[in-house]
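Report on the structure
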Amino acid sequence: MAKQKLPLGIQDFEELRKGNYLYVDKTDMLWKIANGDKYNFLSRPRRFGKSLLTSAMQCYFEGKKELFEGLKIMALEKEWVKRPVLHFSMNQGGSNAKSLSHYLDDTLSKYEDIYGRRPTEATLNNRLNGIIQRAYEQSGVQIAILVDEYDAPLQHSFHTPHHDECRSLYRDFFTGLKDYGYCIKCVFLTGITKFTQISLFSVLNTLTNISFYNDYATVCGLTKDEIESCLGEELHELANKKGWNMEETLSRLKDMYDGYHFSESLQGVYNPFSVLCALNELRLKSFWIASGATEMLPKILTKFERDVEKLDGSLIDIDYIETSDVNTTNPKLFLYQSGYLTIKNVIEDSYVLGFPNREVKKALFELVLPIMLKKDKDNRGLKDWNEV
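Residues numbered from 1 in each chain as written. Predicted model: local features only at pLDDT ≥ 70, side-chain atom pairs only at ≥ 80, totals over all residues. Heavy atoms only, no water.

1. Some thoughts on helix H13 (residues 272-281)
Rules: Remark: exposure states derive from per-residue accessible area (1.4 Å probe, protein chains only) relative to the maximum for the residue type, with buried under 20%, exposed over 50%, and partly exposed in between. Starting at the N terminus, helices and strands are each numbered in turn, a helix being any DSSP run of H or I of at least four residues and a strand any DSSP run of E of at least two. For this analysis, a polar contact is any N or O atom pair within 3.5 Å, provided that within protein one partner can donate a hydrogen and the other can accept it, and provided that sequence-adjacent residues contribute only side-chain to side-chain pairs.
For H13, the tally of buried residues reaches eight of ten residues, placing the bulk of the element in the interior. Every buried residue of H13 is listed here: Pro272, Phe273, Ser274, Val275, Leu276, Cys277, Ala278 and Leu279. The residue sitting at the N-terminus of H13 and contributing the capping side-chain oxygen is Asn271; that oxygen lies 3.0 Å from the backbone nitrogen of Phe273. Positive backbone phi, approximately 55°, marks Leu282, located one or two places after H13.

As structure tokens, then:
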């Protein structure tokens, strides 16, 4: 049997399964989400596998049973109902209302080619509602709506003149998700941050934030057991290349990429992107950070760059972190959501936050140093960086 390829850069579940790529089986959790509450939101840092999870969910709702042979979901799903799926990848929506509108228009047009359009449907919101209703009526089954990286345009436009326009567009576009709930089996949204002042959260007051549920703590990312059971051959190759024994290899991998906790259960999760890159290149370095930080991070940190070290071991109220809108008055919330801080412990009604691992801690300090130097330069009137 040919060795499975590492799925670097693969976000399409069908491509992954047909291309003999390694897949760490999360389909039992996928099934539970898909057949649980109607409206669900999952927040995880970038490159943690949200898009692959969304793609797998689309394949499940489309009834592509053959792609799931041998996976955990086969013991759970008996009917394999084929449903219409509306899939929006909002990271293609750009950074202003014009580009976001163009993306939504183009996506809706593709679905209208399948389900039709009434002449009176002039707005994006009315067009989406019409598609939802006709897809349900024509198929005879409830449909699924998947919105991947919903917050990408809002992050790109944060602290720019375009932000309010993007929020307004969102507020209008998604209002029908509640009005046409009888047509819908499942709405699943992924993202990093939670912008509550748009219709996804303010209108969908039944939206379930599953981001902190113990049952889904490991739905994205890799656990130690998964790494050892699914990547044993690659671990041995890394160990041989570096001259380490297996215990030292696992210890170094843990120190560099482990340490994430997404619920009070404190189930440990490794950064999947960094682990796969490290085993592919047979060396340990800061792969996740080098792949590009979120654009919002410097904007959030610009007021708090000297407080970064104090964040390790800081407390944050559980209700606040689970329900609040991202803002510029408390950096801990966004730093947690974006993966630069994680839950280290639980004390009564608070989470203890801290840096998850060496990769993140090193990168965060490297990020804030230029901000500090620039402020010092501006304050002192220095003419050249070398004077600092």
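We are not done yet, so read on.
2. Digging into the sheet that holds strand E8 (residues 350-354)
Under the convention used in this document: Strand pairing is assigned whenever DSSP detects at least two bridges linking the two strands. Note on geometry: axes are lines fitted to C-alpha atoms, helical ones only across the stretch in contact, with angles between N-to-C directions running from 0 to 180 degrees.
The three strands are arranged E6-E8-E7 in an open sheet whose pairing can be described as antiparallel. This sheet does not close on itself; its edge strands, each paired only once, are strand E6 (315-317) and strand E7 (342-347). For this sheet, the mean angle separating the axes of adjacent strands, direction not counted, is 40°.

3. Considerations on the packing of aromatic side chains
Heads up, the condition is: Aromatic rings from Phe, Tyr and Trp, taking only the six-membered ring of Trp, are treated as a pair when their centres fall within 6.5 Å; an angle between ring planes under 30 degrees marks them as stacked, one over 60 as edge-to-face, and anything in between as tilted. Remark: a charge is flagged as sitting over a ring if the NZ atom of Lys or the CZ atom of Arg is within 6 Å of the ring centre and within 35 degrees of the ring normal.
Within this structure, the stated rule accounts for 20 aromatic pairs. Both rings, one in Tyr60 and one in Phe61, keep their centres 5.2 Å apart while their planes meet at 50°; by these two values the pair is tilted. This pair shows no difference in class: Tyr60 is buried, exactly as Phe61 is. Members of the aromatic cluster, joined through ring pairs, are Phe41, Phe88, Tyr111, Tyr150, Tyr170, Phe173 and Phe174. The ring of Tyr21 carries Lys5 above its face, with NZ or CZ at 4.4 Å from the centroid. Positioned above the aromatic ring of Phe262 is the side chain of Arg44, whose terminal nitrogen or guanidinium carbon lies 4.2 Å from the ring centre.

4. Description of the pairing of strand E2 (residues 85-89)
The buried fraction of E2 is high, at five of five residues. Of the two faces of E2, the one carrying Val85, His87 and Ser89 and the one carrying Leu86 and Phe88 are both buried. In this sheet, strand E3 (residues 143-148) lies alongside E2 in parallel orientation, the contact comprising five bridges. Counted as the bridge partner of His87 is Leu146 from E3.

5. Concerning the pattern of salt bridges
Applicable threshold: A side-chain nitrogen of Lys or Arg and a carboxyl oxygen of Asp or Glu constitute a salt bridge if their distance falls within 4 Å.
Counted under the stated rule, the structure contains 17 salt bridges. Asp105 serves as the salt-bridge partner of Arg127, at 2.6 Å between the closest nitrogen and oxygen. Separated by 22 residues along the polypeptide, Arg127 in helix H5 (residues 124-139) and Asp105 in helix H4 (residues 97-115) bring together distant segments of the chain. Taking the relative accessible area as the measure of exposure, Arg127 reaches 3% and is therefore buried.

6. Some points on the sheet that holds E3
Read across the open sheet, the five strands follow the order E2-E3-E4-E1-E5; overall the sheet is parallel. Single-partner strands in this sheet number two, and they are E2 and strand E5 (208-209).

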